[in-house]
Amino acid sequence: MQSDPHTKDNIMKGEGNMAHQVVDIKCPGCGARVNTGQTQCPYCRGPVVVTTFNSVYSMPMPMVSKYASAYRENLAENPDDQDLNTSIAMCYLKLGMYDKAAEAFDKALESNFDNSEAFFYAAICQLGGKKANVIKDRSVINKIEEYIKAALMIEELGIYYYFWAYIKYDYYKRKFLNTTPTWQELLDKAQQTGLSPTDVEQLYAILKVDRPSCL
């Protein structure tokens, strides 16, 4: 008997240095049967899984909520699936539900250590929509920097260095704390690496804080 090529038990796909299972789910946009190996639903043309924040950044909030609800239902059957956890984390982040987003990103990163964006957005979640300088628990800042360093070890992007520069300025500089590298050094590195003004604009939209004039 020939096996069904769409069953969740026999489909695997590569993701960096790891292979993980592709599972059958309901499309979060239209409810059709699809699988997480598909980037786009063949019926509604919407994303099946959300691997980057850009996929939800311009989505209307009601649509993001709809996607988040669909991913919650699919996660009930596949709670450890990294694609689904990443997808719902991106939705939660767009909705400003930072605690839930952080939890989902952490779950996704348990089995996938080569997703630089997941580390980057997990770092953003730690601020919870607040300025870095109002964070009282130093361990939160330490965790943010750990996530940023992990993201940079995978991929050196200007926006990663820029966010780190923001942390160095708004937390360390404004509290008169010595640190290395300095925010100026990281800002220079960000610009040398190729910093996009669009990425910076999007970052502050996600952070929900004002951009410091020196950055």
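Computed from a predicted structure; not experimentally measured.

**Regarding the overall build of the chain**
The secondary structure content of the chain amounts to nine helices and four strands. Each helix (α) and strand (β) of the chain, taken in turn from the N terminus, gives the series β-β-β-β-α-α-α-α-α-α-α-α-α. At 18 Å, the chain has a C-alpha radius of gyration in line with the 17 Å of a compact globule built from 215 residues. Viewed in the frame of its principal axes, the chain has a C-alpha envelope of about 70 × 35 × 30 Å. Every one of the 215 residues in the chain was classed for burial, and the buried ones make up 48%. Relative to all contacts within the chain whose residues are 6 or more apart in sequence, the contacts with residues 24 or more apart total 54%. Total accessible area computed for the chain in this model is approximately 11,000 Å², and 49% of it derives from carbon and sulfur atoms.

**Thoughts on the packing of helix α5 (residues 116–125) against helix α9 (residues 197–207)**
Their axes nearest at 10 Å, the elements α5 and α9 cross at an angle of 45°. One finds that α5 runs oblique with respect to α9. Seen along the crossing, α5 lies across α9 with a hand that is right-handed. Note on element contacts: α9 touches α5 through Gln202, Leu203, Ile206 and Leu207, opposite Phe120, Tyr121 and Ile124. Taken together, the residues of the contact of α5 with α9 break down into six nonpolar, one polar and no charged.

**A closer look at the packing of aromatic side chains**
Following the criterion strictly, the structure yields twelve aromatic pairs and no others. On the numbers, 5.9 Å between centres and 50° between planes, the contact of Phe53 with Tyr57 is tilted. On the accessibility criterion, Tyr57 (29% relative accessible area) is partly exposed. For the pair Phe120 and Tyr160, a centre-to-centre distance of 4.8 Å together with 35° between the ring planes defines the contact as tilted.

**Quick notes on the nonpolar core**
In terms of nonpolar packing, the biggest core is built from 71 residues, with Leu93, Phe105, Phe163, Tyr166 and Ile167 touching the most fellow members. Ranked by residue count, the leading element in this core is helix α7 (residues 158–172), at twelve residues. Among residues more than four places away in sequence, those in contact with Phe163 are Phe120, Ala123, Ile124, Leu127, Ile144, Ile148, Leu203 and Leu207.

**Considerations on the state of the cysteines**
All chains considered together, the criterion is met by zero disulfides. Cysteine Cys27 is unpaired, with the sulfur of Cys44 as its nearest cysteine sulfur at 3.6 Å. Judged by its relative accessible area of 32%, Cys44 falls in the partly exposed class.

**Topic: the layout of surface pockets**
Any space left empty among the atoms is revealed by the rolling of a water-sized probe across them. Roughly 230 Å³ of volume is contained in the largest pocket. Lining the largest pocket we find 19 residues, and of these Glu117, Tyr121, Leu157, Ile159 and Asp199 sit closest to its centre. A per-class count over the lining of the largest pocket returns ten nonpolar, six polar and three charged.

**Regarding the side chain of Ser116**
Structurally, Ser116 can be placed in helix α5. Ser116 gets classed as buried once you look at its relative accessible area, which sits at 5%. A distance of 3.0 Å separates polar atoms of two side chains, one belonging to Ser116 and the other to Glu155. Of note is the side chain of Ser116, whose polar atom sits 2.9 Å from the side chain of Tyr160.

The rules behind these values
Residues numbered from 1 in each chain as written. Predicted model: local features only at pLDDT ≥ 70, side-chain atom pairs only at ≥ 80, totals over all residues. Heavy atoms only, no water. Helix = DSSP H or I, 4+ residues; strand = E, 2+ residues; numbered from the N terminus. Rg over C-alpha atoms; globule rule 2.2 N^0.38 Å. Buried < 20%, exposed > 50% of the residue type's maximum accessible area, 1.4 Å probe, protein only. Contact = heavy atoms within 4.5 Å. Areas by Shrake-Rupley, 256 points an atom, 1.4 Å probe, with all protein chains shown as cover. Axes fitted to C-alpha atoms, helices over the stretch in contact; angles between N-to-C directions. Parallel < 35°, antiparallel > 145°, perpendicular 65-115°, else oblique. Left-handed = near helix turned anticlockwise from the far one by under 90°. Nonpolar A, V, L, I, M, F, W, Y, C, P; charged D, E, K, R; others polar. Phe/Tyr/Trp six-rings, centres within 6.5 Å; stacked < 30°, edge-to-face > 60°. Core = buried A, V, L, I, M, F, W, Y, C linked by side-chain atoms within 4.5 Å. Disulfide = S-S within 2.5 Å. 1 Å grid on protein atoms, 1.4 Å probe; cavity = no way out; pocket = protein on both sides within 12 Å on 5 of 7 lines; lining within 4 Å. Points joined across faces, edges and corners; volume = space filled by probe spheres on them. Polar contact = N/O pair within 3.5 Å; in protein donor to acceptor, adjacent residues only side chain to side chain.

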